[in-house]
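Observations on chain architecture
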Amino acid sequence: MYTFSNRLKVFAIVLVVLGAIGVASGFMNSHKSLEDVKVILAEEASHHGPEHADATHEVVKGDSHEVTEDSLKAAEDSHEHADSANASADHNDDEHAEHVLHQIHNRQYAALYVAAFFFMMISLGVLAFYAVQYAAQAGWSPVIFRVMEAITYYLLPGALIVLGIALWAGPHLFVWMDPEVVAHDELIQNKASWLNKPWFIIRALIFIGGWSFYRWISRKYSIAQDTAEDNSNFKKGFRWSAGFLVFYIYTSSMMSWDWIMSVDPHWFSTLFGWYVFASMFVSGITVIALMIIYLKSRGYLEFVNDSHLHDLAKFMFGISIFWTYLWFSQFMLIWYSNIPEEVTYFVTRIEDYKLPFFGMVVMNFVFPLLILMNSDYKRIPWFVVMAGIVILCGHYIDVFNMIMPATVGDRWSIGIPEISSVMLFGGLFLLLVFYALTKAPLLAKGNPFTKESEQFHY
Amino acid sequence: MEPSKVIQAMYTDDDVLMSAVKKVKAEKHHIEEIYTPFPVHGLDKAMGLAPTRIAITSFMYGCVGLIVAILMMKFIMIDDWPQDIGGKPSFSYMENMPAFVPIMFELTVFFAAHLMVITFYLRSKMWPFKKAENPDPRTTDDHFLMEIGVHGNEKELTRFLKETGAVEINLIDKAH
């Protein structure tokens, strides 16, 4: 049995408290008046030089869901536009300041949402990985089942938090939740049968309910199998896992449309669900590997050997490449076809998010590729830890890149709101996961494959 | 120096073979070669063979493939015959680069895979129409053969190998 060490508990609680303070102060500071924003903008304009003070340009860049209409309009009356730009400068100034005011305010919600989603996604990825191991009747992994079960304990609270933030933030994150916006937007009106609040909530509850049910029932059978005489619990767990995977394939994809893609309600990508799936899968596997290394360093999990670590590192390596494959497939098709309503997604990211957008490819692809390519390095714990931390940061930035451009435009930064939110949910994640780890023996000794798993060697 | 006489011990199970190899190594006998019908996991480690370097060659071949793809696409699509494809009449390599990534990927894999196989054949001294070195055709079916050099100790070696689970032991004179 694992006992939750006090040092770790205190560390997690400190994270939660500091994170909560940071988030709260972020929200309080974000209540700015229009006049404050104008002062900020004037200061920025004096720093950045005259070309940056062009308000019209900023509006077009800043708000991705307006880009299509704006650019179309701009194309129609480009001559007129140039003439009237000076005349309407005063009007634009006000409009722009108000727009920036919204973005500054949105940033608090978005930062909170990104971090909440990131930790929920880790848990969901581990749940899928766990179900795959069960359904495939994998012989190598049963010794790490209890670690996976502990991580998935966070899924229910984590997913409810994500849903809660989504509803609480409402139009701050999801413009389609604002009736005022929908009234003037034909594209969103056409999607209203899917993108409306009641149906959004029902769907979310179906997703969360299904995942949590599988998590609950598979855990129940896994515990029952420890003391069972025969393999009937294992067989039931196997059947539920196979069924869950079918449910998961559909719901994880729909969840990514609902919870992420709909922040840009005009834009869509058909492989978005797979892309988010790759992200959650690799983050989940990475967290399993990091937790195993941590627990082994504390003298637990003596039955986990370096071949298990090697296999997890292989998955980290392989799924990182899979993520890149999907990232690039999505990017290249849209870049190549260059259709205005699609390509605006990447235009905003490359113009305003150059560093996180391309930095994420280095962190999620180039770095793990080079570090984890050598077979021997995959069994050296500190190498895996190093690669794992970079992968996790990279996938946080991945989520960041999905949410931020639609909500805060070019007003992004990784500052107190973002870091505090990560601390808040990271601390909560640690508390719940390590609490769940104390609830059952660390070895699923009744699993019919446990003996094989203990003797697993490469 | 290769011994003129070898003992060939036949086994019918890979697990028995593995434990026999470990015992033979523990007794400090030199294993000349082992012939198996399928790759036996961990056999190379048990025999004490030097780790394979084929992975390193594979990486280098992959790099060659990547470079070939980069230069080839530059020559074909930018220098030699630039074309306007999908409204991208750009004469810059970087601005067209994403379209070349699939080709870079494919040629990396192509070079790594093919050259690695060819390297493996060359390194194992295998080429078309070469006479098989396999001493016993049963090793292509269901038997495992271990070849051990004899240095005037055939009697005790035979007895020892019998104990390790060999089903058949032959003394072969390799002197020409």
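Parameters and conventions
Residues numbered from 1 in each chain as written. Chains lettered and ligands numbered in written order. Predicted model: local features only at pLDDT ≥ 70, side-chain atom pairs only at ≥ 80, totals over all residues. Helix = DSSP H or I, 4+ residues; strand = E, 2+ residues; numbered from the N terminus. Rg over C-alpha atoms; globule rule 2.2 N^0.38 Å. Buried ≥ 20, exposed ≤ 12 C-beta atoms within 10 Å, placed from the backbone. Contact = placed C-beta atoms within 7 Å. Core = buried A, V, L, I, M, F, W, Y, C linked by C-beta atoms within 7 Å. Pairing = 2+ DSSP bridges. Axes fitted to C-alpha atoms, helices over the stretch in contact; angles between N-to-C directions. Domains from an automatic or database assignment. Nonpolar A, V, L, I, M, F, W, Y, C, P; charged D, E, K, R; others polar. Parallel < 35°, antiparallel > 145°, perpendicular 65-115°, else oblique. Left-handed = near helix turned anticlockwise from the far one by under 90°. Expected span 1.5 Å × (residues − 1). Arc of directions from axis to C-beta. pLDDT = per-residue confidence, 0-100.

So, about the overall build of chain B. If you tally the helices and strands in chain B, you get 5 helices and 4 strands. Going residue by residue from the N terminus, the α and β elements of chain B occur as β-α-β-α-α-α-β-α-β. Radius of gyration (C-alpha) of chain B: 25 Å, far over the 16 Å computed for a compact globule of 176 residues. Considered along the principal axes of its C-alpha atoms, chain B spans approximately 80 × 35 × 30 Å.

Counting its secondary structure elements, chain A contains 19 helices and 0 strands. Put simply, chain A has 458 residues, and 45% of those count as buried. Taking the contacts inside chain A whose residues are at least 6 apart along the sequence as the reference set, 84% of them involve residues at least 24 apart.

Let us now look at the nonpolar core. Ranked by size, the top nonpolar core spans 122 residues in total, and within it Y113, A116, I288, M316, I403 and V433 of chain A carry the most contacts. Per element, the largest residue contribution to this core is 22 residues, and it comes from helix α6 (residues 89–135) of chain A. Not counting the four nearest positions on each side in its chain, A116 of chain A is found in contact with I161, V162, I165 and F425 of chain A. Ranked by size, the runner-up nonpolar core spans 16 residues in total, among them Y11, I34, M146 and I148 of chain B.

Moving on, we get to the sheet that holds strand β3 (residues 144–149) of chain B. Residue and element names in this part refer to chain B. Read from one edge of the open sheet, 4 strands run β2-β3-β1-β4, paired in antiparallel fashion. Of all the strands in the sheet, the pair left with one neighbour each is β2 (31–35) and β4 (168–173). Put simply, the sheet's adjacent strands are angled 20° from each other on average, direction ignored. The sheet contact formed by β2 and β3 spans 4 bridges and is antiparallel. Bridge assignment links I31 to a residue of β3, and that residue is I148. Across the sheet, helix α1 (residues 14–26) touches β1 (5–11), β2 and β3, and the angle it forms with β3 is around 15°. Relative to β1, helix α5 (residues 154–163) is tilted by about 15°, and along the sheet it contacts β1, β3 and β4.

Bringing unusual backbone geometry into the picture now. Residues and elements named next belong to chain A. For L301, which is not a glycine, the phi torsion comes out positive at approximately 55°. Relative to the assigned elements, L301 resides in the loop between α13 (272–297) and α14 (306–337). Judged by local crowding, L301 falls into the buried class, with 22 C-beta atoms found within 10 Å. Despite not being glycine, N338 has its phi angle at roughly 55°, a positive value. Along the polypeptide, N338 turns up in the loop between α14 and α15 (340–352). Classification of N338 as partly exposed rests on a count of 13 C-beta atoms within 10 Å.

Once that is clear, we can look at the domain arrangement of chain B. Each domain of chain B was delimited in the assignment, giving domain 1 (5–37 + 142–173) and domain 2 (54–123). Inter-centroid distance (C-alpha atoms) of domain 1 of chain B to domain 2 of chain B is 48 Å.

A separate point is the interface of chain B and chain A. Facing the 5 residues of chain B at the interface are 5 residues of chain A. The class makeup of the residues in the side of chain B that touches chain A is 3 nonpolar, 2 polar and no charged.

Moving on, we get to the packing of α14 of chain A against α15 of chain A. Residues and elements named next belong to chain A. Where α14 contacts α15, the axes come no closer than 9 Å and their chain directions differ by 120°. Between α14 and α15, the interaxial angle falls into the category oblique. For the element pair α14 and α15, the recorded crossing hand is left-handed. Of the residues in α15, those touching α14 at F331, I334, W335 and S337 are E342, V343, Y345 and F346.

A separate point is the environment of F244 of chain A. All names here are of chain A. Structurally, F244 is set in helix α12 (residues 232–259). Judged by the 25 C-beta atoms lying within 10 Å of it, F244 falls in the buried class. It is 16 Å that separates the C-alpha atoms of F244 and R203, two residues lying 41 residues apart in sequence.

Before going further, it helps to examine α1 of chain B. Residues and elements named next belong to chain B. The end-to-end C-alpha distance of α1 is 18 Å, a good match for the 18 Å that 13 residues give at a rise of 1.5 Å each. All of the buried residues in α1 are L17, A20, V21 and V24. Around the axis of α1, the buried residues are gathered within 105° of arc, so they sit on the same side. In this structure, α1 carries D15 and A26 as exposed residues pointing more than 90 degrees from its buried face. Lining the buried residues of α1 we find β1, β2, α2 (43–47) and β3. Taken from the residues just after α1, K28 is the one with a positive phi, measuring 65°.

Residue and element names in this part refer to chain A. Averaged over all residues, the pLDDT of chain A is 88; the fraction at 70 or higher stands at 90%. Of all secondary-structure elements in chain A, the lowest mean pLDDT belongs to helix α3 (residues 55–62), at 41, while α13 reaches the highest, 96. Low pLDDT (under 50) marks residues 50–87, which in the prediction has 42 contacts with non-local residues, meaning those over four places away or in another chain.

Time to look at the environment of M121 of chain A. Residues and elements named next belong to chain A. In this fold, M121 is placed in helix α6. When the 30 C-beta atoms within 10 Å are taken as the criterion, M121 is described as buried. Excluding anything up to four places from it in sequence, M121 contacts S279, M280 and S283.

Pairing analysis gives 6 bridges linking β1 of chain B to β3 of chain B, with the strands arranged antiparallel. Looking at the pairing, V6 of chain B lines up with G149 of chain B of β3 of chain B.

Here we come to the packing of helix α3 (residues 54–80) of chain B against helix α4 (residues 93–123) of chain B. Residue and element names in this part refer to chain B. Two numbers describe how α3 lies on α4: the axes approach to 6 Å, and their chain directions differ by 140°. Helix-helix and strand crossings are classified by hand; for α3 and α4 the assignment is right-handed. Classifying every residue of the contact of α3 with α4 by side-chain character gives 21 nonpolar, 7 polar and 1 charged.

Another aspect to go through is the environment of F272 of chain A. Residue and element names in this part refer to chain A. Looking at where F272 falls in the secondary structure, it is placed in helix α13. Taking C-alpha positions, F272 is 7.2 Å from S256, a pair spaced 16 residues apart along the chain. When residues no more than four places from it in sequence are discounted, the contact partners of F272 are S256, W257 and M261.

Time to look at helix α11 (residues 197–227) of chain A. Look at α11 of chain A: 46 Å from first C-alpha to last across 31 residues, which is about the 45 Å you get at 1.5 Å a residue. Every buried residue of α11 of chain A is accounted for by F200, A204, F207, I208, W211, Y214, R215, S218, R219, Y221, S222 and Q225 of chain A.

Residues and elements named next belong to chain B. Taken over all residues, the pLDDT of chain B has a mean of 88, while the share at 70 or more is 97%. Mean pLDDT across the elements of chain B ranges from a minimum in β4, with 86, to a maximum in α3, with 94. Interface confidence for the predicted complex, given as ipTM, is 0.79, next to a pTM of 0.85.

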